[in-house]
2 protein chains.
Amino acid sequence: MHPTISQMMAVVAEGREDEIAPLLAEEVQFLPPTYWKTWVGRAPVAAVLGHVGRVFEGFRYRRVMGQGVDWALEFECKIGALDAVGVDLITLDEAGLIVRFEVAMRPLKSVEALRAAMNAAVAGDARFLAFRSALQ
Amino acid sequence: MHPTISQMMAVVAEGREDEIAPLLAEEVQFLPPTYWKTWVGRAPVAAVLGHVGRVFEGFRYRRVMGQGVDWALEFECKIGALDAVGVDLITLDEAGLIVRFEVAMRPLKSVEALRAAMNAAVAGDARFLAFRSALQ
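This write-up is about the structure you can find in this document. It should be emphasised that the depicted structure is a prediction, and the values quoted were computed from it without experimental measurement.

How each quantity is defined
- Residues numbered from 1 in each chain as written.
- Chains lettered and ligands numbered in written order.
- Predicted model: local features only at pLDDT ≥ 70, side-chain atom pairs only at ≥ 80, totals over all residues.
- Helix = DSSP H or I, 4+ residues; strand = E, 2+ residues; numbered from the N terminus.
- Rg over C-alpha atoms; globule rule 2.2 N^0.38 Å.
- Buried ≥ 20, exposed ≤ 12 C-beta atoms within 10 Å, placed from the backbone.
- Expected span 1.5 Å × (residues − 1).
- Arc of directions from axis to C-beta.
- Contact = placed C-beta atoms within 7 Å.
- Least-squares fit on C-alpha atoms with pLDDT ≥ 70 in both.
- Nonpolar A, V, L, I, M, F, W, Y, C, P; charged D, E, K, R; others polar.
- Axes fitted to C-alpha atoms, helices over the stretch in contact; angles between N-to-C directions.
- Parallel < 35°, antiparallel > 145°, perpendicular 65-115°, else oblique.
- Left-handed = near helix turned anticlockwise from the far one by under 90°.

Turning our eyes to something else, we now look at the overall build of chain A. Helix and strand content of chain A: 5 helices and 6 strands. For chain A, the sequential pattern of α-helices and β-strands runs α-α-β-β-α-β-β-β-β-α-α. Here the C-alpha atoms of chain A give a radius of gyration of 14 Å, agreeing with the 14 Å that 2.2 N^0.38 yields for 136 residues. Overall, chain A is about 35 × 35 × 25 Å in size when its C-alpha atoms are taken along their principal axes. When burial is assessed residue by residue, chain A has 39% of its 136 residues classed as buried.

Next comes the structure, spelled out in structure tokens:
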């Protein structure tokens, strides 16, 4: 497994934002399960991933598939009382940093709960006023 | 790539139900992006996948990751006017047949549209009266 992937698996699940940031490329793109937009840039993406990691409970990676720069990391977790399954679709750059991070999930009801929890988390984080232009 | 995976990529996207069925194990499980339940059995799962393939428009597989019995197939498509991205999370059995087929997708709005379109498709397929017990 690529070392970035194993490091990512250790820190993303726990929302350790300060340890997530060094794994991200400067111009990393994060495509969330909730809406059809893209977060761009290391600081806002690390902040979003930090909140996601803290919203998810009982997070556990399952199968890890891929090689080289292309990786799919299957996971399961809870959002409140609701079960969820998802996949981190990761692309690394030539330096081994995460340049694209797309998340697909199931089922619908759990992603609705995720949207509500993420909206609340971001609304309570003053940095997101400055980060607004990073959502494209 | 495993031959089941390449055959699957050729027929699932087009909803060719009669060609999907021979790729499925007798006791295949299908876990849809829309709800937290599991379809069990070759005939109902082939029927559901047939409808899914016809509901998705402009379907295109992107990256294929995995090896052996574990595969993740990234795709993009449209549901009506809405863009969607998803992943087929596939497990093969020892005979090389698909024994588990779980689908995670994004974003929320597109999965809501998928749910509505699938409900309409299944409501118009009389076989789903008999298939009801296959949804567990």
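Additional details are given in the paragraphs that follow.
Here helix H4 (residues 108-123) of chain A spans 23 Å end to end across 16 residues, near enough to the 22 Å set by a 1.5 Å rise per residue. Residues Ser110(A), Val111(A) and Leu114(A) constitute the buried set of H4(A). Projected down its long axis, H4(A) carries its buried residues within an arc of 90 degrees, all on one side. Set apart from the buried face of H4(A) by more than 90 degrees, the exposed residues are Asn119(A), Ala120(A) and Ala123(A). At its buried positions, H4(A) is contacted by helix H3 (42-55), strand S4 (70-79), strand S5 (82-92) and strand S6 (98-106) of chain A together with helix H4 (108-123) of chain B.

The two copies are related by a screw motion: chain A maps onto chain B through a turn of 180 degrees and a shift of 0.0 Å along the axis, at an RMSD of 0.0 Å. Taken together, the rotation and translation relating the two chain copies correspond to the operation of a two-fold axis. A high fraction, 100%, of the interface residues of chain A reappear at the interface in chain B, so the copies pair face to face through one surface.

Often the size quoted for an interface is simply the accessible area lost on bringing the parts together. The partner chain B presents 26 residues to the 26 residues of chain A that form the contact. Listing elements by their share of the side of chain A that touches chain B, those giving two or more residues are strand S3 (57-67), S4, S5, S6 and H4 of chain A. Among the residues making up the side of chain A that touches chain B, the classes are represented as 15 nonpolar, 3 polar and 8 charged.

Here the focus is the environment of Thr34(A). Residues and elements named next belong to chain A. As for its position among the elements, Thr34 is in the loop between strand S1 (24-31) and strand S2 (39-40). Under the C-beta neighbour-count criterion, Thr34 is labelled partly exposed, with 19 such atoms within 10 Å. Remark: the alpha-carbon pair of Thr34 and Ala10, spanning 24 residues in sequence, is separated by 24 Å.

Helix-helix packing is described using two parameters, namely the angle between the two axes and the distance between the axes. Axis separation between H4(A) and H4(B) bottoms out at 10 Å; the angle between their running directions is 150 degrees. Here H4(A) is positioned roughly antiparallel relative to H4(B), judged by the angle of their axes. Classified by chirality, the crossing of H4(B) by H4(A) is left-handed. Contacts from Leu108(A), Val111(A), Glu112(A) and Arg115(A) of H4(A) reach H4(B) at Leu108(B), Val111(B), Glu112(B) and Arg115(B). Its residues assigned to classes, the contact of H4(A) with H4(B) shows 4 nonpolar, no polar and 4 charged.

Our next topic: unusual backbone geometry. In the segment running from Arg106(A) into Pro107(A), the intervening peptide bond is cis, with an omega of -15 degrees. By secondary structure assignment, the location of Pro107(A) is in the loop between S6 and H4.

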